Amino acid sequence: MWKLSYSMAEIADTLQLSNEANARKIKYRCHLALMEYLEKNPGMVKQLKDVL
């Protein structure tokens, strides 16, 4: 949702979170998990570049 330009308030509302700060925390944790996954699976980076 963030990549689609939704505001943190809209994301929090859609996900039924108590506030925007929680949406930011979830986005941050997801980003870290993605970076960790991509570090462990470098072949995936090439596949993503080919798709995008």
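Remember, it's a predicted structure, so these values are computed and weren't measured experimentally.

**Quick word on the pattern of salt bridges**
A full pass over the atoms with the stated rule returns three salt bridges. Residue Asp50 pairs with Lys46 through a salt bridge whose shortest N-O separation is 3.0 Å. Taken together, the residues Asp50 and Lys46, both in helix α3 (residues 42–51) and four residues apart, mark about one turn of the helix. Like Lys46, Asp50 is exposed.

**Section: the packing of helix α2 (residues 20–40) against α3**
As a packed pair, α2 and α3 sit with axes 4 Å apart at the nearest point and diverge in direction by 110°. Considering the angle they form, α2 stands roughly perpendicular to α3. For the pair formed by α2 and α3, the contact residues are Tyr37, Leu38, Glu39 and Lys40 on the first element and Pro42, Met44, Val45 and Leu48 on the second. Tallied by class, residues from the contact of α2 with α3 come to six nonpolar, no polar and two charged.

Calculation criteria
- The numbering scheme is per chain: residues are counted from 1 as the chain's sequence reads.
- A pLDDT threshold of at least 70 governs which residues receive local features in this predicted model, and a stricter bar of 80 or more applies before side-chain atom pairs are shown or counted, although totals over entire chains, interfaces and linings include all residues.
- Only heavy atoms go into the side-chain values, all of them from the structure, while hydrogens and water stay out.
- A pair is scored as a salt bridge if a Lys or Arg side-chain nitrogen falls within 4 Å of a carboxyl oxygen belonging to Asp or Glu.
- Only runs of H or I of at least four residues qualify as helices and only runs of E of at least two qualify as strands under DSSP, and these elements are numbered from the N terminus.
- The cut-offs for exposure are 20% and 50% of the maximum accessible area for each residue type, with area from a 1.4 Å probe on protein chains only; residues under the lower value are buried, those over the upper are exposed, and the others partly exposed.
- Angles run from 0 to 180 degrees between N-to-C directions of axes, and those axes are lines fitted to C-alpha atoms, restricted for helices to the stretch in contact.
- Here the word oblique covers every angle except those under 35 degrees (roughly parallel), over 145 (roughly antiparallel) and from 65 to 115 (roughly perpendicular).
- Two residues form a contact once any of their heavy atoms are found within 4.5 Å.
- Amino acid classes used here: Ala, Val, Leu, Ile, Met, Phe, Trp, Tyr, Cys and Pro are nonpolar; Asp, Glu, Lys and Arg are charged; the rest, including Gly, are polar.

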